[in-house]
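Here is how the chains run, residue by residue.
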Amino acid sequence: MRLIIYTGKGGTGKTVTSCATAIKMAEHNYNTLVISADPAHTLSDAFMMPDVGQDPKQVIPNLTALQIDPVVEMSRQYNTILSYTAALFSSKGIDETLAYEMAMLPGMTQLFSLLKIEEVDRAKTFDAIVLDMPASGEALRYLYFPKLVGSIGRKLTGLTGLFSGFAKVFQPFTKFPTPTKDVIQSEMDLLDRLDRLSNIINDNNRTSVRLVANPDTFSIENAKRVLMSTSLYGINVDMAIINKIMANSSDEYYDKWANFQRSKVEEAKANFYPLPVREAQLYNTELRGIDMLSRHGEMLFGGDDPSKIFYHGEPYMFVNEGTAINMTVQVPFTEKDDFSIERYGDQLTITVKTATGQIANVVPLPVATAGMKLAKARLLNHKLKVQFEKVPL
């Protein structure tokens, strides 16, 4: 099963791009499911079908839409765990209603949205899933979350089972509810699902993340940080899409905006190198409905199969070697004298000399480099290798 995940800032056209991709995949005879966990019920808006909800809804032949309510999903499948977690808070005197709200820990709603992927994969009813991620700069962390939670959770669950007998003995004194066999079994089932989900997401032969941005500084910077995060997590990014590009105009005001956006598109191409960057114009009407979405998909993919993995590699790579961190960045130049490099806080600025002037590529740095110095940098075979070393005390 192919999995394509679209992510980007709110308002960049992420949802309509997800829907357009799903339509083109259906037209290529892939039995496709498009999923959104956006609380605004955006699939209904995009397809102009008001009844897209928790139950799968056929949009066109080979295309089904599903709008996930993460709270409903968690209550339906793991109410045992939710009730036990709420009981822990209630045992300390917290109001029951508030206890249930607190039981929904940060990240849980996004995590249970992602678990739908594992459920669909097990059922083997679809050839492909297109996932519209919630609009958040932190959304990609939840793609790594299953692996992290699964690893830690197994250790904790093992301890829970081991000490459950002691917990029952001391329960009258601690006033904490003891986890029942049902709770422990539910936790084990959840961890098994998290393991399978982690394997799906980290399989670069079936899963790709695609970045969506507009031709402006804020959304491009957001997409660049996502690219850095996915590289750290080992998740493949195979494309970046720039939406809402204005056409040139005879009106001076709009033409100035169009020229500015064109410069941002060229900047994005350099910043996202070697990822392919697809462009989509700003339409003269609202982008919604099957016909408009199909047109958008045609603009993005043309005759290409949208399920194709368009890039397989690591634009950024981080390797720990002793007390140092080595970062490798693929760069669109080969001459040693064609670039300069400077560090500003949590960013690395690479200035590239081109035939038309200079282009600056600002690379976000992982938090682990915060207390390190930039020790050296060298260019070899289209790759810039930068070494960070700990500052001696």
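Residues numbered from 1 in each chain as written. Predicted model: local features only at pLDDT ≥ 70, side-chain atom pairs only at ≥ 80, totals over all residues. Heavy atoms only, no water.

Caption draft 1: Looking closely at the side chain of Thr 21. Structurally, Thr 21 is set in helix α1 (residues 14–27). Its relative accessible area of 0% is what places Thr 21 among the buried residues. Each residue touching Thr 21, except ones within four places of it in the same chain, is listed here: Ile 4, Tyr 6, Val 130, Arg 210, Phe 301 and Pro 306. (Helix = DSSP H or I, 4+ residues; strand = E, 2+ residues; numbered from the N terminus. Buried < 20%, exposed > 50% of the residue type's maximum accessible area, 1.4 Å probe, protein only. Contact = heavy atoms within 4.5 Å.)

Caption draft 2: Just the sheet that holds strand β4 (residues 63–67), in detail. On the basis of which strands lie adjacent, the open sheet formed by eight strands has the order β3-β4-β2-β5-β1-β6-β7-β8 and mixed pairing. For this open sheet the edge positions go to β3 (57–60) and β8 (277–281), each flanked by a neighbour on one side alone. Across the sheet, the mean angle from the axis of one strand to that of its neighbour is 25°, orientation sign disregarded. One ladder, built from six bridges, connects strand β1 (residues 2–8) with strand β6 (residues 207–213); its direction is parallel. Opposite Leu 3, over in β6, you have Thr 207 as the bridge partner. (Pairing = 2+ DSSP bridges. Axes fitted to C-alpha atoms, helices over the stretch in contact; angles between N-to-C directions.)

Caption draft 3: How the structure looks around empty space enclosed by the protein. Evaluated as defined, the whole model comprises two cavities of 30 Å³ or more. Within this model, the largest cavity holds a volume of roughly 60 Å³. If you trace the largest cavity, you find it lined by Ala 37, Gln 110, Ser 113, Leu 114, Leu 131, Asp 132, Met 133 and Pro 134. Sorting the residues of the lining of the largest cavity by element identifies α5 (108–123) and β5 (128–132) as the ones contributing at least two each. With three residues, α5 is the single largest residue contributor to the lining of the largest cavity. Each residue belonging to the lining of the largest cavity can be placed in one class, and the counts come to five nonpolar, two polar and one charged. Within this model, the second largest cavity holds a volume of roughly 30 Å³. Contributing to the lining of the second largest cavity are Glu 73, Gln 77, Tyr 78, Phe 112, Leu 115, Lys 116 and Arg 193. If you list the elements that add at least two residues to the lining of the second largest cavity, you get α3 (70–90) and α5. Residues of the lining of the second largest cavity, tallied by class, amount to three nonpolar, one polar and three charged. (1 Å grid on protein atoms, 1.4 Å probe; cavity = no way out; pocket = protein on both sides within 12 Å on 5 of 7 lines; lining within 4 Å. Points joined across faces, edges and corners; volume = space filled by probe spheres on them. Nonpolar A, V, L, I, M, F, W, Y, C, P; charged D, E, K, R; others polar.)

Caption draft 4: Expanded view of the nonpolar core. Counting residues in hydrophobic clusters, the biggest one holds 60 residues, and the most contacted among them are Ile 117, Leu 211, Ile 242, Phe 272 and Met 327. If you look at the next biggest cluster of nonpolar residues, it comprises 31 residues, including Cys 19, Leu 43, Phe 47 and Leu 287. (Core = buried A, V, L, I, M, F, W, Y, C linked by side-chain atoms within 4.5 Å.)

Caption draft 5: Examining the side chain of Thr 64 more closely. Along the chain, the position of Thr 64 falls in strand β4. Those residues in contact with Thr 64 that lie beyond four places of it in its chain are Thr 32, Leu 33, Val 34, Pro 56, Lys 57, Gln 58 and Phe 126.

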